Amino acid sequence: MDDPILTIDERSAINDGRWFSSLSPSLRHDILRCAFVQRFKDGDLIAARGDPPEQWIACAKGAVRVSSTSISGKQITLTYVEPGIWFGDVAIFDGDRRTHDAYAHGETTVLCVAKADFKKILATHVELYEAMLRLHARRIRQLYGLVEDLNTLPLRARLAKQLLHLVRSYGVASLSDGREVRIGLQLAQEELAQLLGASRQRVNQELKAMEREEAIRIEPGGLVVRNRETLLRISEADTEK
């Protein structure tokens, strides 16, 4: 389901991305000039584990669910790539095959740069090497942060941090109450649990406790954050109760 043109919102998501917006205008121009658009329906496979790395990819709309498969055959969600984030470059650099599956989560648009064009841009813009180093350094910092949280914070605090992140990335302000924000990314509790390395039952218990504290509201269509300050307070906990 391809369309050669990004919508205004999709282009804004790419241009406003923290990393992409830090590049020089000429580099951004050459990347966009070489890029092509692909659109996917919910659940469509974007890239498969074991595939050769043929494209450098950015999410422009929706989300890309990065997952692995357990020995029992169960899919495990590792992360969601949000609009404005680029991925798929590691396999291009090291020449190895894709290590994870990538699926569209909801109606998703991605911007792709072919491997050959990516290498041409690298040869033309030395700036891109340093920019990629910054991008990889940020990913490493995030990875260490996740490992640290997993080993030092209780599930309750990690869940609150994850909800705050989802609000920043996918928050939709409530028309009826300006203090409330709906998380636009539709996640089942099982998917949320996988992101946190916990069971669905434990995550459900913590969500219900947060609902009793009026920090969130659980609705059939997803989660509504009622009080971000309460979630922030919970996320700053550093010892298991």
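Residues numbered from 1 in each chain as written. Predicted model: local features only at pLDDT ≥ 70, side-chain atom pairs only at ≥ 80, totals over all residues. Heavy atoms only, no water.

S.K.: How should the nonpolar core be read in this particular structure?
M.R.: The tendency in soluble globular proteins is for nonpolar side chains to be buried as a group. In this structure, Leu 163, Leu 192, Met 210, Ile 216 and Leu 231 are the most contacted members of the largest nonpolar core, which totals 26 residues. Mapped onto this core, the elements with two or more residues apiece are α6 (155-170), β8 (181-183), α7 (189-196), α8 (200-212), β10 (222-225) and α9 (228-235). With residues up to four places along the chain from it excluded, the contact list for Ile 216 reads Leu 163, Leu 207, Met 210, Glu 211, Leu 223, Val 224, Val 225, Arg 226 and Leu 231. Core analysis: the second largest hydrophobic core is formed by 24 residues, Ile 31, Val 37, Trp 86 and Phe 118 among them. (Core = buried A, V, L, I, M, F, W, Y, C linked by side-chain atoms within 4.5 Å. Buried < 20%, exposed > 50% of the residue type's maximum accessible area, 1.4 Å probe, protein only. Helix = DSSP H or I, 4+ residues; strand = E, 2+ residues; numbered from the N terminus. Contact = heavy atoms within 4.5 Å.)

S.K.: Hey, could you run me through the sheet that holds strand β9 (residues 216-219) in this one?
M.R.: Strands in a sheet are paired, the pairing made by backbone hydrogen bonds, and the direction either parallel or antiparallel. With antiparallel pairing, the four strands of this open sheet are ordered in space as β7-β8-β10-β9. Unpaired on one side and paired on the other, β7 (171-173) and β9 mark the two borders of the sheet. If you compare each strand with its neighbour and ignore which way they point, the axes differ by 30° on average. The strands touched by α8 are β9 and β10; relative to β9, the strand with the most contacts, the crossing angle is about 120°. (Pairing = 2+ DSSP bridges. Axes fitted to C-alpha atoms, helices over the stretch in contact; angles between N-to-C directions.)

S.K.: Help me understand the UniProt feature "domain: Cyclic nucleotide-binding" (unreviewed entry) in the chain, please; the structure alone is not making it clear to me.
M.R.: The UniProt feature table records "domain: Cyclic nucleotide-binding" (unreviewed entry) at residues 19-139. Within the segment residues 19-139, helix and strand shares are 32% and 38% respectively, and the terminal C-alpha atoms sit 11 Å apart. (UniProt positions renumbered as here; feature names shortened; annotations may be inferred.)

S.K.: Can you walk me through the packing of α6 against α7 in this structure?
M.R.: Geometry of a packed helix pair, given as the angle between the helix axes and the separation of the axes. Interhelical geometry of α6 versus α7 gives an angle of 110° and a closest axis separation of 10 Å. Relative to α7, α6 is oriented roughly perpendicular. Our pair here, α6 against α7, has a crossing hand that is right-handed. Contacts between α6 and α7 involve Leu 155, Arg 158, Leu 159, Gln 162, Leu 163 and Leu 166 on the former and, on the latter, Leu 192, Leu 195 and Leu 196. Class assignment for the residues of the contact of α6 with α7 results in seven nonpolar, one polar and one charged. (Parallel < 35°, antiparallel > 145°, perpendicular 65-115°, else oblique. Left-handed = near helix turned anticlockwise from the far one by under 90°. Nonpolar A, V, L, I, M, F, W, Y, C, P; charged D, E, K, R; others polar.)

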